[in-house]
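Breakdown of the fold
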Amino acid sequence: MKIKARSISEGKGKGEAMILREPFGFYGNIDPKTGIITEKGNPLEGESIKNKIFIFPNGKGSTVGSYVIYALKKNGAAPKAIINRETETIVATGAILAEIPCLDKPEEDILKMVRDGDVLEVDADRGEIIV
Amino acid sequence: MYLTREEEGMLSGKEGPVVAKCMKLLVRLGEIYGADRMVKIGSSQAAGVSYKSIGEPGLEFLRGFAKEGARVRVPTFLNPAGMDLRNWKNFGISEKFAKKQKDIIDAFKEMDVITTCSCTPYLSGNLPRYGEHLAWSESSAVAFANSVIGARTNREGGPSALAAAVTGRTSNYGLHLEDNRKPDFLIKVETGLKDGDFGALGYLVGKTLKNGVPYFSGIGDCTTDDLKGLGAAMAASGAIALYHVENKTPEAKSYRDETKNLERIEFSVEDLKRSYDELSDCDAPNLITIGCPHASVSEIGFLTRKLEGKKLKKDLWVFTSRAAKVWADEMGYTKIIEESGAKMIFDTCMVVSPLEELDFECIGTNSGKAAKYLPGFCKKKVFFADIDTLIEKGLK
């Protein structure tokens, strides 16, 4: 199945979906070396977003989060792609600078449709998600 | 979004990959916020300078960016660093922190950024014009440039301010547009204000409004330094990036007739007291901090006259820019302040320096912004008061 979405940062990526159902702040809440989420009480605490298709509603918190996304990429710990309900400035800035494919505003509610571990193909050049 | 031929060229890589990446970032942000086109900017000011704030990820980004060939094309200044860049050893800064902080400054220098580390660029040689478009980051400087000067800037993140500096442009949305500069609340000030009162007023208004554009009436005599403190507090307790003050700020008169229809908030002498109470959770400061935003030369002169011939029993630190230092030294202020036992610190401030590592329990300040940020950023208790009370406490 194909879902249309808005392209924030171009590129293609394929991987397993990893879904967080709450807003995520990258600064202070993830290890930039491993991609492991370290935020206390986060439902995904201890899991790595490395090579995943990381799906969460929107970013939050410090603007330094953009730099963390960039560091994840440099350290080889970045997700293959990011999908948001609505991407805000911090995540958009980080994804564009790090050249990580990023999409938002999918036509279907992706947080409800996709399950953890589903394999997704993200084509941010065309603004498409293939489930 | 409409792009000129030159901008299209930048985007497609005619001026190299770094310019293309910066342009792509600005165009995407513009699309997210519904911009119709880009505007040329007169200057930029980048936040995210302190190693304490940006850490290793930020340093790596800046180094990489400099190495890829990023160079700014408009005057670009910096926010405060995490330490006094010359005299850091005297303030308990570790060798490791100092090394990393200097690496950050060097990366900026490589990009031709002017490494004036100050939250008051407008007092340090980066003075915008009325109506000029800017890409500034520091929230208090954004509020000052928009409100007191009438320039136009959104509150940029570190990377977007740099991208704007590298391309000389930013996307035309938010406060770049006249429509978004109209006031939406009328704040009737019903009490006289002096010194720390402006921070107290700003704290409460920012906290109540969250964002939006307040229009103040009833503010009598005030200095530019008072407005600097007012805007800083509002930008810290809320996300206010523009305000108007009747008879004081340049855009206020064009909105005067519309204020009748605005939602009204009154600020009484009781509100002022409530604000002081909310901002304080201790009353015996063992360190007093002045200069958030960075003290102007006149504020330093004022403090000098208060401290002349006195001996402080508590620590008192004055934070300011290296530009103000030149005149503080020249006027003999630095000498008198230091003779009283106080210290002058440059390039940094109490919020972005690693103050939490130092052994002070209760920090005194006359800044609404510092009072709001110190508990969260530095894990400190705060005593918020006017300058006379602070000095009195410092002498005891």
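The structure displayed is predicted, hence computed values, not measured ones. (Residues numbered from 1 in each chain as written. Chains lettered and ligands numbered in written order. Predicted model: local features only at pLDDT ≥ 70, side-chain atom pairs only at ≥ 80, totals over all residues.)

1. Quick word on the interface of chain A and chain B
To keep things clear, this is the line we draw: By definition, residues are in contact whenever their C-beta atoms, placed on the basis of the backbone, come within 7 Å of each other. By definition, any uninterrupted DSSP run of H or I lasting at least four residues is a helix, any uninterrupted run of E lasting at least two residues is a strand, and each is numbered from the N terminus. Classes in brief: Ala, Val, Leu, Ile, Met, Phe, Trp, Tyr, Cys and Pro nonpolar; Asp, Glu, Lys and Arg charged; the others, Gly included, polar.
Across the boundary between the two partners, chain A contributes 16 residues, which contact 18 residues of chain B. At the level of elements, helix 1 (65-74) and helix 2 (89-98) of chain A are the ones that each hand at least two residues to the side of chain A that touches chain B. By residue class, the composition of the side of chain A that touches chain B is 11 nonpolar, 4 polar and 1 charged.

2. Things to note about the packing of helix 7 (residues 197-209) of chain B against helix 8 (residues 224-237) of chain B
Residues and elements named next belong to chain B. Worth spelling out the cut-off: Note on geometry: axes are lines fitted to C-alpha atoms, helical ones only across the stretch in contact, with angles between N-to-C directions running from 0 to 180 degrees. Working definition: roughly parallel below 35 degrees, roughly antiparallel above 145 degrees, roughly perpendicular at 65 to 115 degrees, and oblique for all remaining angles. By convention the crossing between two helices is left-handed if the near helix lies anticlockwise of the far one by an angle smaller than a right angle, and right-handed if it lies clockwise.
Where helix 7 contacts helix 8, the two axes come as close as 7 Å, and the packing angle between them is 30 degrees. The orientation of helix 7 with respect to helix 8, classified from their angle, is roughly parallel. Here helix 7 and helix 8 pass one another in a crossing that is right-handed. When helix 7 is examined against helix 8, the residues F198, G199, L201, G202, Y203, V205, G206 and K207 are found in contact with a partner set consisting of D226, G229, L230, G231, A232, A233, M234, A235, A236 and S237.

3. Describing the nonpolar core
The tendency in soluble globular proteins is for nonpolar side chains to be buried as a group. For clarity, the threshold we go by: Only buried residues count toward a nonpolar core: Ala, Val, Leu, Ile, Met, Phe, Trp, Tyr and Cys, linked into one set through C-beta atoms within 7 Å. In this scheme every C-beta is placed from the backbone, and a residue whose C-beta has 20 or more other C-beta atoms within 10 Å is buried, one with 12 or fewer is exposed, and one in between is partly exposed.
By size, the foremost hydrophobic cluster in this structure holds 166 residues, and its most contacted members are I55(A), A95(A), A143(B), L201(B) and V318(B). The dominant element in this core, judged by the number of residues it contributes, is helix 2 (residues 17-32) of chain B, at 8 residues. Dropping the residues within four chain positions of it, A95(A) is found in contact with I8(A), S9(A), I69(A), I82(A), I100(A) and C102(A).

4. Topic: the domain arrangement of chain B
Residue and element names in this part refer to chain B. Selection criterion: These domain boundaries are the output of an automatic or database domain assignment.
Assigned domains within chain B: domain 1 (5-178), domain 2 (182-277) and domain 3 (280-395). Between domain 1 and domain 3, the C-alpha centre-to-centre distance is 27 Å. Its residues placed into classes, the side of domain 1 that touches domain 3 shows 9 nonpolar, 10 polar and 2 charged.

5. Concerning unusual backbone geometry
Comment: phi is negative for the bulk of residues other than glycine, and the bulk of peptide bonds are trans. Omega for the peptide link from C292(B) to P293(B) comes to -5 degrees, which places this bond in the cis form. Relative to the helices and strands, P293(B) is located in strand 10 (residues 287-295). In this structure, K105(A) is a non-glycine residue whose phi angle is positive, near 45 degrees. Position of K105(A) among the secondary structure elements: in the loop between strand 6 (102-104) and helix 3 (110-113). The backbone of D195(B) shows a phi angle near 45 degrees, a positive value even though the residue is not glycine. Tracing the sequence through the fold places D195(B) in the loop between strand 6 (185-189) and helix 7.

6. Concerning the confidence of the model for chain B
Let me state the cut-off plainly: The score called pLDDT rates the predictor's confidence residue by residue, from a low of 0 to a high of 100.
Taken as a whole, chain B shows an average pLDDT of 95; of its residues, 100% reach a score of 70 or greater. The ipTM, which scores confidence in the relative placement of chains, is 0.77 for this predicted complex, and the corresponding pTM is 0.90.

7. Structural notes on the sheet that holds strand 6 of chain B
All names here are of chain B. Counted only if it meets this: Following DSSP output, two strands are said to pair if at least two bridges run between them.
In spatial order, the strands read 8-7-6-9; together these 4 strands make up an open sheet with parallel pairing. Edge positions in the sheet fall to strand 8 (244-245) and strand 9 (263-267), since each has one partner strand and no second. Both strand 7 (residues 214-217) and strand 8 contribute to a ladder of 2 bridges, which runs parallel. Bridge pairing in strand 8 links F216 to V245.

8. Some points on the sheet that holds strand 3 (residues 12-19) of chain A
The strands making up a sheet are joined through hydrogen bonds of the backbone, oriented either antiparallel or parallel. Residue and element names in this part refer to chain A. The sheet built from 8 strands is open, its strands ordered 1-8-7-3-4-5-6-2 with mixed pairing. Edge strands, defined here as strands with exactly one partner in the open sheet, are strand 1 (2-4) and strand 2 (6-9). Across this sheet, the average inter-strand angle for adjacent strands is 30 degrees, counted without regard to direction. In this sheet, strand 7 (residues 119-123) lies alongside strand 3 in antiparallel orientation, the contact comprising 5 bridges. Looking at strand 7, one finds that K12 is bridged to D123.

9. Concerning the packing of helix 3 (residues 51-67) of chain B against helix 4 (residues 95-110) of chain B
Pairs of packed helices are described in terms of their axes, by the angle between the two and the distance that separates them. All names here are of chain B. At a minimum axis distance of 9 Å, the contact between helix 3 and helix 4 shows a crossing angle of 40 degrees. Classified by the angle between their axes, helix 3 and helix 4 sit oblique to one another. With respect to the hand of their crossing, helix 3 and helix 4 are arranged in left-handed fashion. Counting all contacts with helix 3, which are made through Y51, L59, L62, R63 and A66, the residues of helix 4 involved are F97, K100, Q101, D103, I104, A107, F108 and E110. Residue composition of the contact of helix 3 with helix 4, by class: 8 nonpolar, 1 polar and 4 charged.

10. Observations concerning the pairing of strand 6 of chain B
All names here are of chain B. Inclusion rule: The handedness of a crossover follows from its direction of travel: if, with the strands pointing away from the viewer, the path from the first strand over the helix to the second runs clockwise, the crossover is right-handed.
Both strand 6 and strand 7 contribute to a ladder of 4 bridges, which runs parallel. By the bridge assignment, F185 is partnered in strand 7 with P214. Where the polypeptide runs from strand 6 across helix 7 and back to strand 7, its parallel neighbour, the crossover connection is right-handed. Summarising the sheet, strand 6 and strand 9 pair through 5 bridges and their orientation is parallel. Bridged to F185 within strand 9 is E263.

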